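Below, each chain spelled out in residue letters.
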Amino acid sequence: MTLIENNKNRKLFFLNTVSSSLVIMVHEDNYVFLPYFGSKIEASDIDYIIDGITEANYMADTDNKKKFQLELIPQIYPSYGYTDLKEPAFHFVHKDGSRITDLRYKSHNIYKTKKKLNGLPTVLSNDDSEVLELTLFDELKKVEVIITLAVFEKHNAFTKSVKVINKNPSDDLYIEKIMSANIDIQESNFELIHLAGAWARECHIKRRRLEQGMQSIGSIRGASGHGQNPFAALISPNTDENNGEVFAMNFVYSGNFIISAEADMHLNTRFQMGINDFDFGWTLMPNEEFQTPEAVLIYTNKGLGDMSRTFHKLYQDCLMSNKYAYKERPILINSWESNYFDFNKESLLKLAEEGKNIGAELFVLDDGWFGKRNDDKTSLGDWTPNEQKLGGSLSSLIDDVNKKGISFGLWVEPEMVSPDSDLFRKHPEWAIQVKGRKIETSRHQYVLDLSNPEVCDYIINFMTELLSKNNITYIKWDMNRNITNLGSSYLKPERQKEQAHRYMLGLYRVLDNIVNAFPNVLFESCAGGGGRCDAGMLYYMPQVWTSDDTDAIERLVIQYGASLVYPSISLACHISDIPNHQTRRKERIETRANVAMWGNLGLELNLNKISEEDKKVITQKLEIYKSIRSTVQFGSIYRLKGLNAQNEYAWMHKSIDEETIVVNYVQICVIPNLVTKRLRLEALDSKSKYKVNDSEKLYTGSELMNIGLMLGEILEDAFAIQWIIKKVN
Ligand code: DGJ
């Protein structure tokens with residue numbers, strides 16, 4: 001980090017990555033500005049950017065002096081109350097009822113190696129992080145705000161979070177709004193791109209022109225949610241995979257969030273991300289502090305592809321646990337779509353054995369193994385194995401599964417309780433509810449109040465027991481409903497608005513405990529599919545069940561969208577049955593398998609019921625997947641077709657050593673009377689020679705990138721083709 005102090009008593013902090021720069025300026029009046037965020041510039045005195053804005057201001061005082069107006073100047077953390085009437089980054093209510101805060105620079109601290117945020121998931125690196133802590137202070141009310149900006153130079157990324165400390169010795173402080181990040185950009189000619197959808201339709205790319213006014217996406221569902229993913233980017237018009245400016249933000253948080261973009265009257269944009277301020281409030285007693293979750297900020301002028309690869313590398317290197325980040329993930333076979341609640345020991349062992357024979361490495365027993373759970377109406381909270389159904393103890397079932405040569409994983413949904421459960425009968429007050437009002441069920445279940453530490457301890461205890469007593473190597477951690485009737489029997493009336501965030505803090509404490517106590521267990525997060533597919537969860541659980549929609553064609557859209565932010569290794573993609581359980585579509589097994597090779601491949605089908613022919617194909621496909629697994633899971637992805645969700649999708653994975661390239665193409669509907677088209681690849685070495693599948697001819701990288709691979713004759717819907725390409729010299 002470079003600090004320039006000039007003779008106007010201004011400080012300029014240059015946070016530079018390999019290809020981007022974020023520059024902070026402390027003004028002589030101790031305002032903190034953001035003169036520049038964009039492509040890399042060398043450190044030099046660029047304070048003229050700020051002077052230029054004031055000089056060009058059309059407003060002048062009576063003595064004809066140009067007005068210094070905060071609203072016109074790009075800021076890093078704007079306050080409410082003075083000459084900036086755009087959306088502030090925070091809103092405090094002081095003890096005397098006043099709501100104006102005047103934050104000015106007090107001090108700064110620069111250090112290497114970012115520290116973990118207390119109680120929150122954090123992007124961390126031992127050898128590629130440098131931190132600027134800016135302490136701002138409101139002199140009148142004695143409120144301190146520490147903005148932590150970290151730069152990950154080699155990863156081309158930044159993080160930002162904020163801590164508020166109430167330094168007032170006698171008065172408490174009420175926080176009504178507290179964003180993690182604010183970026184002011186002197187431009188509004190943008191489109192807003194984000195990921196929206198619903199259950200079974202997660203992460204569909206949405207893109208719209210930014211118009212003057214406030215545009216926002218968010219969640220007040222108690223989870224990041226299926227509706228909107230906590231990611232958004234401002235992109236220059238016509239941005240595609242390889243071209244265009246991108247200002248991206250992703251939230252390292254799994255609860256309520258808001259991302260807003262305000263294009264203002266001066267054609268500038270204010271871009272914010274943080275905990276949703278709706279129904280949020282937090283009281284800080286004297287000397288107490290509040291830490292926001294962190295936001296990841298990325299700038300590139302090389303389009304969405306570069307943005308995605310930047311997120312992927314950052315998350316694999318600096319967010320996921322080291323142990324799993326570059327560890328090939330096992331091919332699992334999950335019992336859900338195969339059996340739902342209907343199984344016994346024999347059918348489970350048969351599925352495990354078939355799975356093993358076909359090449360799976362991990363058998364996962366999904367819902368239905370505990371209490372009286374033969375449907376979704378009962379027993380959440382009673383995590384005692386149903387020995388009658390399992391034909392003995394859970395550990396004896398696991399032994400028998402292991403004897404088939406396959407490891408064992410289990411489904412749990414610890415944050416929930418069924419009304420029909422011993423746990424609820426014993427602790428009705430543990431369910432989230434407003435006293436005196438009816439508690440609403442969703443999927444016949446209530447949500448446990450994780451703002452109550454006793455509830456969190458109960459989860460830690462039963463999970464610890466479950467994992468200590470049984471040879472479980474994988475856990476699928478599900479969460480199948482959002483939070484309604486928000487209210488806590490534990491929190492005091494004046495603290496009720498803290499509940500949604502305290503729930504997340506409770507959950508993170510639980511996960512921290514369990515994941516650290518059982519480092520050999522691979523955790524997969526799930527929330528009815530991708531209802532909590534976010535970087536917060538990825539910190540604890542290095543893979544996510546991307547969607548309950550297992551239809552290959554639907555998955556193209558979902559996986560494309562999710563891959564904008566989340567790395568292939570983190571996205572669980574399963575080969576499922578036909579007709580598909582969500583859409584009734586029937587794609588060929590080749591297509592289902594190739595689409596699952598987008599990410600972390602698994603199986604979700606009843607192998608006892610499918611044809612021998614399909615079994616053969618799956619066996620071959622799993623062998624292929626194993627041979628390219630490290631390329632898909634550790635390499636980098638290039639999306640070749642599909643950004644506008646039309647008839648064709650194509651993507652390629654390039655291995656870390658750049659020696660192996662896996663290319664996939666899917667055409668959804670047949671086009672009659674077509675002459676073969678070609679698929680052009682990207683990011684190869686022009687001069688090197690490549691072998692395509694078993695071809696005798698070798699192709700140069702430039703041929704493959706400019707002429708491309710022949711698609712051939714396509715005579716069926718949902719047609720898929722895959723090439724494995726090896727660099728020869
Ligand atoms: C929702 C998940 O997304 C499914 O995969 C399955 O685990 C069910 N819950 C089980 O109830």
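Residues numbered from 1 in each chain as written. Predicted model: local features only at pLDDT ≥ 70, side-chain atom pairs only at ≥ 80, totals over all residues. Heavy atoms only, no water.

J.: Tell me about the overall build of the protein, and name the residues and values.
T.: A count of helices and strands for the protein gives 15 helices and 38 strands. Taking 729 residues into account, the globule formula puts the C-alpha radius of gyration at 27 Å, and the protein, at 27 Å, falls close to it. Counting only C-alpha atoms, the protein reaches 90 × 70 × 45 Å along its principal axes. Long-range contacts, defined here as pairs at least 24 residues apart, represent 68% of the contacts in the protein between residues at least 6 apart. (Helix = DSSP H or I, 4+ residues; strand = E, 2+ residues; numbered from the N terminus. Rg over C-alpha atoms; globule rule 2.2 N^0.38 Å. Contact = heavy atoms within 4.5 Å.)

J.: Which residues make up the side chain of Asn 386, and what are the values?
T.: Positionally, Asn 386 belongs in the loop between β22 (362-365) and α6 (387-390). With residues up to four places along the chain from it excluded, the contact list for Asn 386 reads Trp 369, Phe 370 and Gly 371.

J.: So what's going on with the layout of surface pockets? Residues and values would help.
T.: Of the volumes computed, that of the largest pocket is approximately 540 Å³. Taken together, 25 residues make up the lining of the largest pocket; nearest its centre are Asn 118, Gly 119, Trp 282, Arg 502 and Leu 505. Put simply, the parts of the chain that give the lining of the largest pocket at least two residues each are β18 (282-284), β19 (289-291), α9 (453-469) and α10 (499-517). No other element matches α10, which puts 7 residues into the lining of the largest pocket. (1 Å grid on protein atoms, 1.4 Å probe; cavity = no way out; pocket = protein on both sides within 12 Å on 5 of 7 lines; lining within 4 Å. Points joined across faces, edges and corners; volume = space filled by probe spheres on them.)

J.: Explain the UniProt feature "domain: Glycosyl hydrolase family 36 C-terminal" (unreviewed entry) in the protein residue by residue, including any values.
T.: UniProt tags residues 649-718 as "domain: Glycosyl hydrolase family 36 C-terminal" (unreviewed entry). Secondary structure content for residues 649-718 is 9% helix and 36% strand, while the C-alpha to C-alpha distance between its ends is 10 Å. (UniProt positions renumbered as here; feature names shortened; annotations may be inferred.)

J.: Which residues make up the environment of Asp 171, and what are the values?
T.: Secondary-structure assignment places Asp 171 in the loop between β9 (157-166) and β10 (173-185). Residue Asp 171 is classed as partly exposed on the basis of its relative accessible area of 25%. A sequence separation of 445 residues divides Asp 171 from Lys 616, and the C-alpha atoms of the two residues are 72 Å apart. In this structure, Asp 171 is in contact with Lys 95, Asn 166 and Pro 286, ignoring residues within four places of it in sequence. (Buried < 20%, exposed > 50% of the residue type's maximum accessible area, 1.4 Å probe, protein only.)

J.: Tell me about the site of the ligand, and please be specific about residues and values.
T.: Neighbouring the ligand are 13 residues; Asp 366, Asp 367, Lys 476, Asp 478 and Asp 548 lie closest to it. Between the ligand and Asp 548 there is a distance of 2.3 Å, counted from an oxygen atom to a side-chain nitrogen or oxygen. Contact with the protein chains removes 98% of the 290 Å² of surface that the ligand exposes when unbound. (Near = heavy atom within 4 Å. Polar contact = N/O pair within 3.5 Å; in protein donor to acceptor, adjacent residues only side chain to side chain. Areas by Shrake-Rupley, 256 points an atom, 1.4 Å probe, with all protein chains shown as cover.)

J.: Describe the pattern of salt bridges, with residues and values.
T.: What the rule picks out here adds up to 52 salt bridges. Of the charged contacts in the structure, one is a salt bridge between Lys 112 and Glu 130, with a shortest N-O distance of 3.9 Å. In this pair, Lys 112 is assigned in strand β6 (residues 104-112) and Glu 130 in strand β7 (residues 130-138), connecting sequence segments 18 residues apart. For Glu 130, a relative accessible area of 14% puts it in the buried group. A salt bridge links Lys 163 to Glu 289, with the nearest nitrogen and oxygen atoms 3.4 Å apart. You can see Lys 163 sitting in strand β9 and its partner Glu 289 sitting in strand β19, a full 126 residues away along the chain. Residue class for Glu 289 comes out partly exposed when judged on its relative accessible area of 44%. A network of salt bridges, in which partner residues are shared, links Lys 8, Arg 10, Glu 28, Asp 47 and Asp 51. (Salt bridge = Lys/Arg side-chain N within 4 Å of Asp/Glu carboxyl O.)

J.: Can you explain the sheet that holds strand β36 (residues 698-700)? Please cite residues and give values.
T.: Read from one edge of the open sheet, 6 strands run β31-β32-β33-β38-β35-β36, paired in antiparallel fashion. Only two strands of the sheet have a single neighbouring strand rather than two, namely β31 (636-641) and β36. Averaged over neighbouring strand pairs, the angle between their axes works out to 25° when direction is ignored. Here strand β35 (residues 689-692) runs beside β36; their pairing, made up of 3 bridges, is antiparallel. Among the inter-strand pairings, Lys 689 is bridged to a residue of β36, identified as Thr 700. (Pairing = 2+ DSSP bridges. Axes fitted to C-alpha atoms, helices over the stretch in contact; angles between N-to-C directions.)

J.: Break down empty space enclosed by the protein for me, with residues and values.
T.: All told, the structure shown has 6 cavities of 30 Å³ or more when counted by the stated rule. Estimates place the volume of the largest cavity at around 160 Å³. What lines the largest cavity is a set of 15 residues, among which Tyr 31, Gln 75, Tyr 77, Ser 79 and Leu 103 lie closest to the centre. Looking at the lining of the largest cavity residue by residue, the class counts come to 9 nonpolar, 4 polar and 2 charged. In this model, the second largest cavity occupies a volume close to 60 Å³. The wall of the second largest cavity is formed by Thr 550, Asp 551, Ala 552, Arg 555, Gln 559, Cys 573, His 574, Ser 576, Arg 592, Val 595 and Ala 596. Put simply, the parts of the chain that give the lining of the second largest cavity at least two residues each are α12 (552-562), β29 (571-576) and α13 (589-596). (Nonpolar A, V, L, I, M, F, W, Y, C, P; charged D, E, K, R; others polar.)

J.: Any chance you could break down helix α7 (residues 394-403) for me, citing the residues and the numbers?
T.: Those residues of α7 that fall on the buried side of the exposure criterion are Leu 394, Leu 397, Ile 398 and Val 401. Down the axis of α7, the buried set is contained in an arc of 100°. They therefore lie on one face. The inward-facing, buried residues of α7 contact α5 (345-358), β22, α6, β23 (407-412) and α9. One or two steps after α7, the chain reaches Gly 405, where phi turns positive at roughly 90°. (Arc of directions from axis to C-beta.)

J.: Could you give an account of α12, with specific residues and numbers?
T.: An α-helical segment advances 3.6 residues per turn. Residues three or four places apart therefore align on the same side. Across the 11 residues that make up α12, a large majority, 10, are buried. The backbone nitrogen of Ile 553 lies 2.9 Å from a side-chain oxygen of the residue at the head of α12, namely Asp 551.

J.: An account of the pairing of β29 is requested, with residue identities and associated values reported.
T.: A large share of β29 lies buried, amounting to 6 of its 6 residues. Of the two faces of β29, the one carrying Leu 571, Cys 573 and Ile 575 and the one carrying Ala 572, His 574 and Ser 576 are both buried. Here 2 bridges tie strand β28 (residues 543-545) to β29, and the two strands are oriented parallel to one another. Within the sheet, the bridge partner assigned to Val 544 lies in β29 and is Leu 571. The β-α-β motif built from β28, the intervening α12 and the parallel element β29 has right-handed crossover chirality. Summarising the sheet, β29 and strand β30 (residues 600-604) pair through 5 bridges and their orientation is parallel. Along β30, the bridge assignment pairs Ala 572 with Asn 600. The β-α-β motif built from β29, the intervening α13 and the parallel element β30 has right-handed crossover chirality. (Right-handed = clockwise from strand over helix to strand, strands pointing away.)

J.: An account of the packing of α9 against α10 is needed here, citing residue identities and associated values.
T.: Interaxial distance between α9 and α10 falls to 10 Å at its minimum, and their mutual angle equals 25°. Taken together, the axes of α9 and α10 lie roughly parallel to each other. For the element pair α9 and α10, the recorded crossing hand is right-handed. Seen from α9, the contacting residues are Pro 453, Cys 456, Asp 457, Ile 459, Ile 460, Met 463 and Leu 467; seen from α10, they are Gly 506, Arg 509, Val 510, Asn 513 and Ile 514. (Parallel < 35°, antiparallel > 145°, perpendicular 65-115°, else oblique. Left-handed = near helix turned anticlockwise from the far one by under 90°.)

J.: A description of the packing of aromatic side chains should follow, citing residues and the corresponding values.
T.: Scanning the entire structure with this criterion turns up 35 aromatic pairs. Relative to Tyr 540, the ring of Tyr 508 has its centre 5.2 Å away and its plane inclined at 20°; by these criteria the two rings are stacked. Residue Tyr 508 is found in helix α10, and its partner Tyr 540 is found in helix α11 (residues 535-540); the two are separated by 32 residues along the sequence. For Tyr 508, a relative accessible area of 1% translates into the label buried. Within the aromatic cluster, the residues linked to one another by ring pairs are Trp 369, Phe 370, Trp 383, Trp 411, Trp 430, Tyr 458 and Phe 462. Here the guanidinium or amino end of Lys 106 rests over the ring plane of Phe 137, the centre of that ring lying 4.7 Å away. The ring centre of Tyr 699 lies 4.9 Å from the NZ or CZ of Lys 697, which sits over that ring. (Phe/Tyr/Trp six-rings, centres within 6.5 Å; stacked < 30°, edge-to-face > 60°. Lys NZ or Arg CZ within 6 Å of the ring centre and 35° of its normal.)

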